Each structure stands twice: as C-alpha cells, then as structure tokens.
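So you can see what is in the structure, the chains are spelled out below.
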Amino acid sequence: MATVFSGVQPSGDYHLGNYLGAFKNWVAVQHENEAFFCVVDLHALTLDIDPSELRERTLDLAVTLLAVGLDPEVVTLFVQSHVPEHPRLAWLLECTATVGELNRMVQFKEKSSGRETVRAGLYTYPVLMAADVLLYQADQVPVGDDQRQHLELMRDLAVRFNNRYGRTFTVPEAVVPKVAARVMDLQQPGRKMSKSIDSPLGTVGLLDAPKDIERKVRRAVTDTDGRVRYDPEAKPGVSNLLELLSAATGVSVEEAAARYDGYGDLKRDVAEALISLLAPIRQRTAELRADLGEVERILTAGADRAHKVASVTYERAAKAVGLFS
Ligand code: AQP
C-alpha cells in the first residue's frame, strides 16, 4: 500500500481540468492506498482573495471533493491551515531551497507576469507545496501535467535534505494521468483550462448546467482543416476535444478520432459525454450543501488524523537540523 497525497487551492470555480487532471484520479486510488487530500488554503493567500470568500470557498471545496467521490471513511480530507506543521516545515525547506531553483519555476513566471506587486508567498509557493507532501511521507502525488516542475523541485529538496541531515523524507513521485493530463481552454486551445484566466466560454465548470456545457463545446475553437485527427501540435482544439471524449468515455483518442468525419458530430458526442460525466457531481454537491455540518465534522476528523502524521515528520526534521527541543 502506497501513501498518496495531493491538494487543491480554494481559489475559484473548479473545472474539467481539475477533475480529469486530478480529482478523478484521487477517487480512483483512494481504496488501495493510504490517501491524504488537502484543501490548501494557505496557497490561496499567494494572490489577493477576499477573506470572506476564502472562508466560504474552503468549505465549498471540501463539498466538491466529497461530491466527486472521495470517501471520508477511507481518505484523510483536511484543510491545510488546520495543521500548523505545514508552514513550519516549509520554513525548514525554504532554508534548503535556493533562489536559483525558485527563479526557474514557470508557474511563478506566469502568475507574476504583468503584476505591479507580487507577494513573496507566490515565489515560495512550491516550497510550501513540498512541505505539504513531505510531511506525510507520500510515495505518490497524483497531479495534472502543470505540476511536474513543482514535483521535480520537491524531489530535489527531499534528496538534498536527506543527504545533508540524514534520511528524513520519502522522495515522492508525480503520477500524471495518461489522458487529459493538461485539459486545454476551449477558446484558446494553446493554454490550459484554468480558474484564474477569465475565459467563461473556454472553461467548463464542474457545476455547469447541461445547456451551458453543450453551448461551450459547440463553440469550441477547432481549425479549418475539417478532419478529425489526434495531433496536439497541429490541431490543438480537436485534440483537446478527443482527449475529453476519451477521458469521459474510456475509449482511446485514436479510436475516438476514427469514429468521426466532421467536427459537428464530434462536438455533439463530447458535449453528451461531459453532461453525463458531470451530472452526478452536480446532484451530490446540492445534497452536501444542504448538510454543511457533516462536511465540517469530516474536516475536523481529517485534521486530527493529518496532524498525528505530520507532527511526527516535523519533529524528526526539526531535530535533524538541530533545533533545540
Ligand atoms: N487544465 C488542467 N488540466 C489538467 N489538470 C489540471 N489541474 C489544474 N488545471 C488543470 C490540476 O488540478 C489540481 C489542482 O490545481 P490547483 O487549483 O491547486 O492549482 P492549479 O494547477 O494552479 O489549477 P488552476 O485551475 O489552473 O488554478 P489557477 O488558475 O489558480 O492556476 C492540480 O493537480 C493541477 O495539476
């Protein structure tokens, strides 16, 4: 049995990229592994977010994670800020990381570009993410393709710390799905679907109504070549649709491509498949929102369990670097 850890920020409306790149795979591994899933609210503070919105979104993200199928009987679901070892270990790891390696982080460059002021926390974000995972001695981290670079940094930090201070952390591996590892925006297929990009037509929300899903898929940007073929370089829009169909139905992208002569039929089937995929999530979300007390109880129990594991690792790391206790 492996230990699995992953997290998501409570910073927006969750979309198909979050679901297919991450949540769906969390649900798939939860019964065979020791799994920790975390609402990473401290990460959300790296960009400006209204305090009451953050509070609300934190609970609502827990609702979403339960609605997609996480089973609180088998996983530890908790809020990052409820376990104080996360920022404490992050400091030890900030003193392990170098400015040079943080300067190379692509996501920092993307998220900071064009801003007049950039919070220092946005720069050190990948180190806090490393602390999140290393605290639980995770072997595997199921994430979307956009997190690969952060995972590489995390591994480097774990190895460096272990070499300098003695074996303290398990060195984790990224687990990225074979299909839909990077779901692209339907309007700008050259960029990933994202909560922080204002692209209402290009982003399919997990709670979108069927008619909105249908409209967004129908208007998805393709190309003028007219042939259905999987080629992400030359045909990013069509390839994205094929990946969505494949992830939603289980057929391979090649098999899916061979079924269609034109974009209209492909779009119709993609829309239908997405509507069926997301319908149970919408329904379950509505049910859970009616009993937030139960969701809060799940998070409290999760924080207790997480804290027990995290405190052992933190104490070991603190002792290893020579902190007096
Ligand atoms: N487009 C995507 N395709 C596949 N996987 C994706 N993920 C995010 N977008 C896609 C995966 O979702 C998980 C949670 O991500 P997050 O919200 O914590 O951070 P993120 O990667 O920064 O997600 P967003 O939606 O793009 O948010 P913003 O706009 O705030 O940057 C991660 O496993 C991620 O890989």
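Check the entry above for the structure.
Residues numbered from 1 in each chain as written. Predicted model: local features only at pLDDT ≥ 70, side-chain atom pairs only at ≥ 80, totals over all residues. Heavy atoms only, no water.

Residues other than glycine seldom take positive phi values, yet Gln137 does so here, at roughly 55°. Turning to its location among the elements, Gln137 is positioned in the loop between α7 (120–134) and β4 (140–142). Positive phi, normally seen in glycine, also occurs at Ala180, with a value near 65°. With respect to the element layout, Ala180 can be found in the loop between β5 (173–175) and α9 (210–218). Classification of Ala180 as buried rests on a relative accessible area of 2%. (Helix = DSSP H or I, 4+ residues; strand = E, 2+ residues; numbered from the N terminus. Buried < 20%, exposed > 50% of the residue type's maximum accessible area, 1.4 Å probe, protein only.)

Its place among the elements puts Thr46 in the loop between α2 (41–44) and α3 (51–67). Excluding residues within four positions of it along the chain, Thr46 makes contact with Arg119, Gly121, Leu122 and Tyr125. (Contact = heavy atoms within 4.5 Å.)

For the rest of this paragraph, the subject is the environment of Arg104. Residue placement: Arg104 occurs in the loop between α5 (99–103) and α6 (106–112). Separated by 49 residues in sequence, Arg104 and Leu153 have C-alpha atoms that sit 10.0 Å apart. Not counting residues up to four positions away in its chain, the partners in contact with Arg104 are Lys109 and Gln149.

Applying the stated criterion across every chain yields a total of 20 salt bridges. Note that Arg227 is salt-bridged to Asp225, the shortest N-O span being 3.1 Å. Classification of Arg227 by relative accessible area gives exposed; the value is 53%. On the accessibility criterion, Asp225 (33% relative accessible area) is partly exposed. Salt-bridge contacts for Lys235 lead to Asp225; the nearest nitrogen and oxygen are separated by 2.5 Å. Residue Lys235 is found in the loop between α9 and α10 (236–249), and its partner Asp225 is found in the loop between α9 and α10; the two are separated by 10 residues along the sequence. Among the ionic contacts, a cluster of salt bridges with common partners joins Asp223, Asp225, Arg227 and Lys235. (Salt bridge = Lys/Arg side-chain N within 4 Å of Asp/Glu carboxyl O.)

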